Structures are given as structure tokens and as C-alpha cells.
Amino acid sequence: MRSLSIHGKITEPAKSKNQRTGIKWKDNLTKQENSRTVRDSHYLIEQPSDSEWNICKHLAGIRKGFSLSLSFSRNTHLFSLCCDSLLSLADANHCKIPMERLEQEPTMAEPKKTKYDRQLRIWGELGQAALETASICLLNCGPTGSEALKNLVLGGIGSITIVDGSKVEIGDLGNNFMVDEKSVGQSKAKCVCGFLQELNDAVKANFIEENPDTFILNDPFFFSQFTLVVATQLVEDSMVKLDRICREANVMLVFARSYGLTGFVRISVKEHTAIESKPDHFLDDIRLNNPWPELKSFVETIDLNVAEPPAAHKHIPYIVILIKVAEEWAQTHNSNLPTTREEKNEFKALVKSKMVSMDEDNYREAIEASFKVFAPRGISQYTQDIINDSCADVGPNSSEFWIMVAALKEFISNEGGGEVPLEGAIPDMTSSTEHYINLQKIYHSKAEADFVAMEQRVKNILAKVGQDPSSISKSTIKSFCKNARKLKVCRYRMIEDEFRSPSVAALHKCLDDEEYRIAIGFYILLRAADRFSATYKKFPGQFDDGLMDHDVAQLKTTALNLLSEMGCDGYLLQEELYNEMCRFGAAEVHVVAAFIGGITSQEVIKLLTKQFVPMQGTYIFNGIDHKSQCLTL
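Residues numbered from 1 in each chain as written. Predicted model: local features only at pLDDT ≥ 70, side-chain atom pairs only at ≥ 80, totals over all residues. Heavy atoms only, no water.

Going by an unreviewed UniProt entry, the protein carries the name THIF-type NAD/FAD binding fold domain-containing protein and comes from Capsella rubella. Its UniProt record, at the heading Sequence similarities (unreviewed entry), says of the protein: "Belongs to the ubiquitin-activating E1 family. ULA1 subfamily." What UniProt records for the protein under Subcellular location (unreviewed entry) is the sentence "Nucleus". (UniProt positions renumbered as here; feature names shortened; annotations may be inferred.)

> What exactly am I supposed to notice about empty space enclosed by the protein here?
If a probe the size of a water molecule is rolled over the atoms, the empty space left behind becomes visible. Counted according to the given criterion, the structure contains three cavities of 30 Å³ or more. If you add up the space inside the largest cavity, you get close to 130 Å³. Considering the residues around the largest cavity, the lining is formed by 13 residues, among which M239, F264, F499, Y523 and R527 are closest to the centre. Looking at the lining of the largest cavity, the elements with two or more residues in it are α8 (236-248), β13 (262-268), α19 (495-500) and α21 (517-536). The element best represented in the lining of the largest cavity is α21, accounting for four residues. For the lining of the largest cavity, a count of residues per class yields six nonpolar, one polar and six charged. (1 Å grid on protein atoms, 1.4 Å probe; cavity = no way out; pocket = protein on both sides within 12 Å on 5 of 7 lines; lining within 4 Å. Points joined across faces, edges and corners; volume = space filled by probe spheres on them. Helix = DSSP H or I, 4+ residues; strand = E, 2+ residues; numbered from the N terminus. Nonpolar A, V, L, I, M, F, W, Y, C, P; charged D, E, K, R; others polar.)

> Please clarify how the environment of A249 should be interpreted in this entry.
Examined against the element boundaries, A249 turns out to sit in the loop between α8 and β12 (252-259). With 23 residues separating them in the primary sequence, A249 and F226 have C-alpha atoms 9.6 Å apart.

> Just checking my understanding: could you explain the pattern of salt bridges for this structure?
Pairing between side chains becomes possible if they bear opposite charge and their charged atoms approach one another. Per the stated rule, a full pass over the model turns up 34 salt bridges. The salt bridge partner of E271 is R491, with a shortest N-O separation of 2.8 Å. One end of the pair, E271, is in the loop between β13 and β14 (272-274); the other, R491, is in the loop between β15 (488-490) and α19, with 220 residues separating them in the sequence. Accessibility expressed as a relative area gives 39% for R491, which makes it partly exposed. With a shortest N-O distance of 4.0 Å, E276 and K278 are connected by a salt bridge. (Salt bridge = Lys/Arg side-chain N within 4 Å of Asp/Glu carboxyl O. Buried < 20%, exposed > 50% of the residue type's maximum accessible area, 1.4 Å probe, protein only.)

> Just checking my understanding: could you explain the pairing of β13 for this structure?
Two faces make up the sheet, and in a regular strand the side chains alternate between them. Burial within β13 is extensive, with seven of its seven residues counted as buried. Here β13 shows no split at all, with T262, F264, R266 and S268 on one side and G263, V265 and I267 on the other all buried. Of the pairings in the sheet, the one linking β12 to β13 comprises seven bridges and is antiparallel in character. What sits directly across from A256, in β13, is V265. In sequence, β12 turns back onto β13 through a hairpin of two residues, with G260 there showing a positive phi of about 65 degrees. (Pairing = 2+ DSSP bridges.)

> I keep staring at helix α4 (residues 117-132) and nothing clicks. Help me out?
Because each turn of an α-helix spans 3.6 residues, side chains separated by three or four positions end up pointing in the same direction. Between its terminal C-alpha atoms α4 stretches only 15 Å, short of the 22 Å expected from 16 residues at 1.5 Å a residue. When the local axis directions of α4 are compared, the greatest deviation, roughly 100 degrees, occurs at G124. Within α4 the residues assigned to the buried category are Q119, L120, W123, G127, Q128 and L131. (Expected span 1.5 Å × (residues − 1). Bend = angle between axes of the 7 residues up to and from the residue.)

> Would you take a moment to explain the environment of L149 for this structure?
Here L149 is to be found in helix α5 (residues 143-154). For L149, a relative accessible area of 2% gives the class buried. For the pair formed by L149 and I160, sequence separation is eleven residues and the distance between their alpha carbons is 8.2 Å. For L149, the residues in contact, after removing those within four places along its chain, are I136, L138, I160, I162 and L196. (Contact = heavy atoms within 4.5 Å.)

> Would you explain the state of the cysteines in this entry?
What we call a disulfide is simply a covalent bond connecting the sulfur atoms of a pair of cysteines. Applying the stated rule across the entire model yields zero disulfides. Of the cysteine sulfurs around C191, a residue in no disulfide, the closest is that of C141, at 8.6 Å. (Disulfide = S-S within 2.5 Å.)

> Looking at this structure, how should I read α8?
The first and last C-alpha atoms of α8 sit 19 Å apart over 13 residues, in line with the 18 Å expected at 1.5 Å per residue. The first or second residue beyond α8 is N250, which carries a positive phi of 60 degrees.

> How should I be thinking about the sheet that holds strand β10 (residues 204-208) in this particular structure?
Consider a sheet: its strands pair through backbone hydrogen bonds, and that pairing is either parallel or antiparallel. One open sheet accounts for eight strands, arranged β10-β9-β8-β11-β12-β13-β16-β17; its pairing is mixed. Of all the strands in the sheet, the pair left with one neighbour each is β10 and β17 (627-631). Recorded for the sheet is a direction-independent mean angle of 15 degrees between the axes of neighbouring strands. Where strand β11 (residues 228-232) lies against β12, five bridges are found, and the strand directions are parallel. Paired with A231 across the bridge in β12 is F255. Packing against the sheet, α5 makes contact with β8 (135-139), β9 (159-163), β11 and β12, and its axis sits at approximately 165 degrees to β8. (Axes fitted to C-alpha atoms, helices over the stretch in contact; angles between N-to-C directions.)

> What should I look at first to understand the environment of D625 in this one?
Counting through the fold element by element, D625 comes out in the loop between β16 (618-622) and β17. With a relative accessible area of 35%, D625 lands in the partly exposed category. For D625, the side chain forms a polar contact with the side chain of N622, separated by 3.1 Å. (Polar contact = N/O pair within 3.5 Å; in protein donor to acceptor, adjacent residues only side chain to side chain.)

> Can you walk me through the side chain of T144 in this structure?
Position of T144 relative to the elements: it lies in helix α5. What makes T144 buried here is its relative accessible area of 0%. The contact partners of T144, leaving out residues within four places of it in the chain, are T232, Q233, A256, S258, E588, A593, I596 and G597.

> Got a minute to help me understand the packing of aromatic side chains in this structure?
Aromatic rings in a pair are described by how distant their centres are and how their planes are angled relative to each other. All chains considered together, the criterion is met by twelve aromatic pairs. Judged by centre distance (4.9 Å) and plane angle (85 degrees), the rings of W292 and Y443 are edge-to-face. Remark: Y443 occurs in helix α17 (residues 433-464) and W292 occurs in the loop between β14 and α9 (293-300); sequence separation between them is 151 residues. Grouping residues by exposure puts W292 and Y443 together as buried. Through a chain of ring-to-ring contacts, three or more aromatic side chains come together here, namely F215, F222, F223 and F226. Here the basic side chain of K478 rests over the ring of F451, its NZ or CZ set 4.6 Å away from the ring centre. Over the aromatic face of Y382 sits the side chain of K488, whose NZ or CZ is 4.3 Å from the ring centroid. (Phe/Tyr/Trp six-rings, centres within 6.5 Å; stacked < 30°, edge-to-face > 60°. Lys NZ or Arg CZ within 6 Å of the ring centre and 35° of its normal.)

As C-alpha cells, this is what we get:
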């Protein structure tokens, strides 16, 4: 009996509306096609057309009594349809069709993938899942808070709770797009919540008509139910208290405020760790200066002096060229690689001398990539600091990140030989297909072996500290191995510490630097405005009461006292800044609020997805000069 095996794997979601599924079959038969004998070992159709489906059916019906086996992944809406069609086909041909569902990790549904397509390309399904399980609390839903929350709602945040006890006023219609004329006199939290819910009905939206200070003063445990709190338009005293509450509850906190043409964003968490920091520029992990035995063995099989065929010399990968030249260099330089400028130029000249003709792109690539040979071996100082951090001495309450860091430290000292796990990818380069595929296999095998070693060490450490050895998933460990050179640990000072004892050296540097003078001026004046408000029960210039000059003078006195407290006696702020702060009258200008809200939501996403690196220090926006700067005080 002839045997035909058809394996169809249907996954959801499809890439586009026109893509139906993928069919892969292995036909060990010799069949006739247009009077030609064709032997197919494997055939794959990723986007089958109707005619291709008919071909599949035709192949399935070659002869009665043949054996047809199908495998489908679970969670697919095409499963039943295909089963019915193929079972009918089998009945007509008296075939037996054993159906088998493949157990795979569930994937995101098609509508959701289409809905969030662009952002999924940035932070992937794991990042999106982190957003969808997050619970956000917004304090005050003025234009700054509303704009920040709008971006998060559109991004698919899990749930939001808005806390604001104010009513919508006529003035709100000019700077908050989340309210309209019908909202005047109604609860601002309720109106904003309703508008945001319309933007994405998948988000759970709640509101509480209460002043945020009520919870800060009387119910601090209220905040422990949230993943992250976005606190907007809070004064200094409330910021300090809320920061203390959120740190004790281990809740992430982001402050945001817009004030006329200026504003700030400040993150406050005990510690934030990021595995996928995704730096803009980072050296490829191809170990040209420290090849492992399997890579060395492969390189030794290739002769740079090959003459025939002529194309062979042009298709030697630059990885091979540079490793061979580096070995040749080391033999005449006491096993050292180039370090000085002159030596690096000599090394490039040595690479160029191996060229047979001037049209060899692979050698030009080797010369351009020679800096990868000059990179220091081993781990960076930043990685060294992480593995030597006190948190790497793990215990029963240690996080996944620090458990894996402890395993990384052991790996570097043992299997890694001073290196972190290999990433396993190689860049594009001029090469023959055979060489490139062989290189890919070598790098992939090394990365897989490093992962297996790391996985075992993670399990051993988990068991040692009394945690479940399987509590950290393989995908998490694999991601950690792939990004081991790019780990980031961010720690933030408490707001109270920054306000009471800022870095005097940093303050003096900013006050003396023309580039930072206005940014530090706004930072100080925003704090001075809060003190002004506590004393006079209004913000400088807030009411048109004819006391603008008085407010300017009082604000200046308050700012000078604050400078003195901060250890900056003798320093003066620019006079026009006092006038600007009073002219702002604590108003939230929509364009500034939208910008500050956008920055806020960006930082929130970094914190929740644990991807990219959140801002350090206090971000100050200067709308007068269109500048943004971060102050680390």
C-alpha cells in the first residue's frame, strides 16, 4: 500500500485576512507531473490559495486505502472546518484519518493581534500580557492625567481606577478633551472614565469621586491593590506621603505635573530590573576575540588562500576571516590583540592584504567589522557590578531576576569561562549559503548549551533557597540568557530624601551650567510654588486680583529661602522665570499636558513590561525653549 503523510499546522492568528493557514506535507512517492518525474521530500505552503487546497485534496485522494495523518494546533477556528472537510474526503476514499491536537502554548487571538499590531512589534506578546494584567490608579484626572491614561487605555491596560473629587467646570472644556459641555457640573472622574471606556471597551474602568488626599491621609492601604499609581498635580507634601505609602506596599509610582509651559515626570520605585533593556546600539555577541572550540574547529577547515573556484574566496564569511587574522596577529604579539590606534590600523592592513581582488565585499566587511575583534574579552563593568550586588546573595524572598543573576554569576565562573551565555544570533554578511548555515548552527548550538547549563543552575538555586525549582519558566530563562549582557537595574531615591537632602554638588553643577540653568530653575520654582500655595492658599498669579507684582516678590523670597535650605546660598535664578511662573497661574495648558502625559505613559509602559530603561532622576520640560532635561539630585 502506498503511504502518504500530510501534516497541516494551523495557527491563530493569521498574518492577514488573505492568509488562511499553512500546509506542509511529506510525499515519499514518485509522482508524474507534466510527464516529468518529480520526487518531493518536503513541501510547505504558508498562504495556500483555493487551487492549492484542491491540490492537497487531490494528493489525499491518490488511492483508496492510503494512510493520512493530520496534526493541528489547538485554539484555532479553522480546526473544525478542516476536520469536516477532510473527514468527508476520507469517507469518499475509504481512508483512515487519525486526528491529533498538538499541545502548544496558546497564542493571542486574531482580533487582539490586529488591534495591537503596531505595539506588539515593539514589546511583543509578553509585554502586552504584562499590560493587560496591570491595574492602574490615576490621581486627579485633569488634562495631564487624562492624556496619560488615554495612551494606556489605547494600549490595552488591564484596568484603571480614577480618583478625583472635583466637578467639571467651564474652564475644563478648553484643556481636557475627555469632557464636553454636557459634563459641566458633573463628576469629573465619572465623565473622564466614561470617555476613556469608549476608546477601548476591553479595559475595565472604574472611578471614585473623592479627593486623592483623603486616601493619602486616611486610607493608605487603598493603594496596595494596584500595580502602579500615576499621581498628577500633587503638591510637595502629598507627594512625600504617597511615595512613602507606595514604597511600603511595593507599588510602583509615577508623579506627573504640568504647570503652564513647564512640567515634570518623576518615577519612584525601590528597584526596577529590566532583562530586555533593548539598547539602541550594542556590539554583536559573536566572540571574535574569544572563540570557543567548536567555532575554532570550523574556522580551521576553511583556507583563506583558496584559489579555486574564484568565487570561493569572495564568499568566506568575515567571522572566519577575522578569527583567522586575529590568530595570526596573536602569534606575533605575545597572544595579545590590538589595543593602540597604530596596532588597530596594522591589523586592518593585515586583513586587507588577504584580499585577492578589490571587488571582495566579504573582506571589506571584515575591515569594517574589525573593531569587534578589539573589544575587551569577558563581561562589562556594569555586568560585574550586577553580579556582585548584595541582592545576588539570594534567599527565600528573592525575585526571579536576582535568582537568575545568582545563576549567571556561577555560570560565568564555570561553564562560561568568564563570559555570559551566548546570544546565538549572527548578523547578515557576504557568505556562501553552506558557510552561513554552518555558522548559524554552531552559534545556535553554543547558545542552546549555555541555556541548558543556566537552566540547571537556576533550578538548583531555587531548590537551595526553598522555592519551587520550576517556578521560573524556560522562556524567561532563555530571554535572560539572550539579554545577559544588557541587564539593567534602576534604583530611585525617595522623594522625601531628594527634597530634604539633594546632592549639593549636582545642584551647583546645574546652576552653573547654562544648559541646565532654566531646567533647575523650574524645578526649584515648582517646589517654591507649592510652599507659596501652602502659605497663601493659592498658587502664584492664580487669580487676577491685581497682586501679580506682590506674588512675584513673595515667590522670589520663597525660592531664595529654598535655595538656602538646599545648600545653594548665593545662587540666583533668572528674573524672568519668576514672572513666567506667576503668569502661568498654575494653569494646565493642553499642549503641555498632552506632552507630559505622553512621557508619563511611556515610562509607565517601560515599568510594566520591564522592557527598555526608565528615566532616572526628575524629567523637566521647558516649553519656553522647547527643551527636555533629566536632573539627578
